[in-house]
Amino acid sequence: MRTVVAGAITSSDGRLLLAQRSYPVQVAGLWELPGGKVEPGEELAAALRRELREELEIDVEVGALLAETVELAHDLTLVALWARIVDGVPRAVEHSRLVWVSVDELEDMAASNQLVPADTAWVPELCEVLRQR
Ligand code: 9L3
Ligand code: MG
């Protein structure tokens, strides 16, 4: 059983960073919270900081866990942590594109199935928290 950790990266003006997957073909073109697999023995927050350095060339400060845990196929469990950028400007190293979305844009993208299916579990919490900011 492995864990995948994703970052709910927020901006000071209440936007969320989404990254467009370039692989595998089943989800290529869909948008996700960026992240990746936790290494054995690695802490969740450390894994997220490592993944976001690798994938986006940013340093983040990691916050709380989002409530929903998603069971993926192949013995993978997916969790998300709130995060904010403390250094760097996000660059799509392995994604096709990056976008900062407002809450309304996030809801539209979810409603039109532009998010990777697994990540839709977080949309209600993402919207609720971002609207409070
Ligand atoms: N995954 C789903 N939603 C996400 C992320 C970061 C990852 N927000 C899934 C896709 C892959 C697996 O987790 O099946 C591993 O992710 P990656 O290492 O390919 O990013
Ligand atoms: Mg990844």
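The structure we're discussing is the one just above.
These notes cover the structure that comes with them. (Residues numbered from 1 in each chain as written. Chains lettered and ligands numbered in written order. Predicted model: local features only at pLDDT ≥ 70, side-chain atom pairs only at ≥ 80, totals over all residues. Heavy atoms only, no water.)

Considering the layout of surface pockets
Here is step 1 of the chain: In this structure, the largest pocket spans a volume of roughly 660 Å³.
Here is step 2 of the chain: In terms of lining residues, the largest pocket is bounded by 29 residues, among which Val4, Arg21, Pro24, Glu32 and Leu72 are the most central.
Here is step 3 of the chain: For the lining of the largest pocket, the class distribution of residues is 15 nonpolar, six polar and eight charged.
Here is step 4 of the chain: Of the pockets and cavities examined, the second largest pocket occupies roughly 180 Å³. (1 Å grid on protein atoms, 1.4 Å probe; cavity = no way out; pocket = protein on both sides within 12 Å on 5 of 7 lines; lining within 4 Å. Points joined across faces, edges and corners; volume = space filled by probe spheres on them. Nonpolar A, V, L, I, M, F, W, Y, C, P; charged D, E, K, R; others polar.)

Topic: the coordination of the magnesium ion (ligand 2)
Note on metal sites: the ideal angle is 109.5 degrees for four tetrahedral donors, and 90 or 180 degrees for six octahedral donors.
Here is step 1 of the chain: Note on the magnesium ion (ligand 2): its protein donors are Gly35 (O) and Glu55 (OE). The metal-donor distances range over 2.1 Å. Residue Gly35 is found in strand β4 (residues 35-37), and its partner Glu55 is found in helix α1 (residues 44-56); the two are separated by 20 residues along the sequence. With respect to burial, Gly35 and Glu55 carry one shared label: buried. (Donors = N, O, S within 2.8 Å, 3.2 Å for Na, K, Ca; no water. Helix = DSSP H or I, 4+ residues; strand = E, 2+ residues; numbered from the N terminus. Buried < 20%, exposed > 50% of the residue type's maximum accessible area, 1.4 Å probe, protein only.)

Concerning helix α3 (residues 123-132)
Here is step 1 of the chain: All of the buried residues in α3 are Val123, Leu126, Cys127 and Leu130. Across the axial projection of α3, the buried residues extend over an arc of 95°, all falling on one side. α3 presents Pro124, Glu128 and Gln132 as exposed residues on the side facing more than 90 degrees away from its buried surface.
Here is step 2 of the chain: Elements that come into contact with the buried residues of α3 comprise β1 (2-10), β2 (16-20), β7 (76-87) and α2 (103-111). (Arc of directions from axis to C-beta. Contact = heavy atoms within 4.5 Å.)

That is the geometry; function is a separate question.
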